[in-house]
Amino acid sequence: ALETFARVRTLVLDKTGTLTIGRPVLQAVRPVKGYSEEDLLRMAAAAEERSNHPLAHAVVDSARARAIKWEPAEEVVVIPGRGVAARVEDYNCLLGNEALFQESAIRFPDSIPPVKPGVTRLWIELDYQSIGCFDARDSLRPDASGAVAALRQRGLRVIMLTGDSAAASAPIANQAGIAEIEAGLDPSGKLARIRALQQQGLRVAMVGDGINDAAALAQADAGISMGSGADLAQEAGDVLLLRAQPSALIAAIDLAKSTVAIMRQNLMWAAGYNLVGIPLAAGVLYPAFHILLSPWVASAAMAMSSVSVLANSLRLRG
């Protein structure tokens, strides 16, 4: 994994939880006429209560902050990269992004204003009728822009792939200094994009933290999981960053390159030692100079060879 990671030239980053903190905060609850904010939060919290998605946490936390009570949802089904469906208070409830509502042919209410840049919108419907939406905003990790700049200085091409909308993703990409961005991708879309890059002959590393990133992490030449992410993403990756910070990527890349360099040095030393030591031990100098390698000298030389390799490897601790 370290050898592969040291050779990658294209780095693909997920947005939520990787570049951003991954704890979006609800900024607005927008119900349609006939429903209140409490109605939307109560039903959404019931459907999202058991979800690990950051938006689900934002909804549930907001409902709890308002001391709203709800009945547990039934028949909860997660739709990867889209949202969740459930039976809530005897209604068929659907929560998800704009793509999910378009695929389900659900009409968007005219009374709700367009989404603002940098805001992620979560729609909710009951029995195929939209009853409103939630607007949430996530924050860029403090070290993200510096990490992206350092990655580019190391010659890496940096791309953002996200399931979020272009309107929500573009400001984050701009703040982070990422020019290439593809939004609105479900898990299969991320996987297809990784494969397309590989088909161009590129060695690709994927960095992610969510269940939606697991397939792309497994497909990438080097999958890098954030330590704060979902268990499935951690299992799918080849490298696990214990610090959930983009700056840890720089340390990981530098460590990988240093490790490969040390391995090459050790192989060269071992090969050179054996090229010289074995003929000497076999008596190559005896016919001309009557010199034989004493067994204790050969043993000491063998031990010193191992010590030198170990000592050289221990330099990585610094």
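All of the points below concern the structure found in this document. Treat the numbers as computed from the prediction; the structure is a model and nothing was measured. What you see as residue numbers is a count from 1 along each chain, following the sequence as written. Predicted model: local features are reported for residues with pLDDT of at least 70 only, side-chain atom pairs are reported and counted for 80 or more only, and whole-chain, interface and lining totals are derived from all residues. Just so you know, side-chain values use all the structure's heavy atoms and leave hydrogens and water out.

1. Thoughts on the sheet that holds strand β3 (residues 74-79)
In this analysis, strands are considered paired if DSSP registers two or more bridges between them. Think of it this way: any DSSP run of H or I at least four residues long counts as a helix, any run of E at least two long counts as a strand, and we number them from the N terminus. The 6 strands are arranged β2-β7-β6-β5-β4-β3 in an open sheet whose pairing can be described as antiparallel. With one partner strand each, in any of the chains shown, β2 (25-31) and β3 form the two edges of the open sheet. On average, adjacent strands in this sheet sit at an angle of 15 degrees to one another, irrespective of strand direction. Inspection of the sheet shows β3 paired to strand β4 (residues 83-88) by 4 bridges, in the antiparallel sense. Each bridged residue has a counterpart across the sheet, and for Glu-74 the counterpart in β4 is Arg-87. Only heavy atoms matter for contacts: two residues are in contact if any of them lie within 4.5 Å across the pair. Fitted lines through C-alpha atoms serve as axes, helices being fitted only where they are in contact, and the angles separating the N-to-C directions of these axes extend from 0 to 180 degrees. Packing of helix α4 (residues 54-65) onto the sheet brings it into contact with β2, β6 (120-126) and β7 (129-137), and relative to β2 it is tilted by some 75 degrees.

2. Looking at the pairing of strand β11 (residues 222-226)
Moving residue by residue along a regular strand, the side chains alternate between the two faces of the sheet. Within β11, 5 of the 5 residues are buried, which leaves the element mostly enclosed by the surrounding structure. Only protein chains enter the accessibility calculation, which uses a 1.4 Å probe. A residue is then buried if its area is under 20% of the maximum for its type, exposed if over 50%, and partly exposed in between. Across the two faces of β11 the burial is the same, with Ala-222, Ile-224 and Met-226 and Gly-223 and Ser-225 all buried. Note that strand β10 (residues 204-208) and β11 share 4 bridges and pair parallel. Paired with Ala-205 across the bridge in β11 is Ala-222. On the question of chirality, the crossover connecting β10 to the parallel β11 by way of helix α9 (residues 214-219) is right-handed. With 3 bridges joining them, β11 and strand β12 (residues 239-241) adopt parallel strand pairing. Across the sheet, residue Ser-225 finds its bridge partner in β12, namely Leu-240. For the handedness criterion, the strands are oriented away from the viewer, and a crossover whose path from the first strand over the helix to the second runs clockwise is classed as right-handed.

3. Points about the packing of helix α11 (residues 247-281) against helix α13 (residues 295-314)
For any two helices packed against each other, one specifies the crossing angle of their axes together with the interaxial distance. Where α11 contacts α13, the two axes come as close as 9 Å, and the packing angle between them is 170 degrees. Our classification of the angle between α11 and α13 gives roughly antiparallel. For the pair formed by α11 and α13, the contact residues are Ile-262, Gln-265, Asn-266, Trp-269 and Tyr-273 on the first element and Ala-298, Ala-301, Met-302, Ser-305, Ser-308, Val-309, Asn-312 and Ser-313 on the second. Here roughly perpendicular refers to angles of 65 to 115 degrees, roughly parallel to angles under 35, roughly antiparallel to angles over 145, and oblique to all remaining angles.

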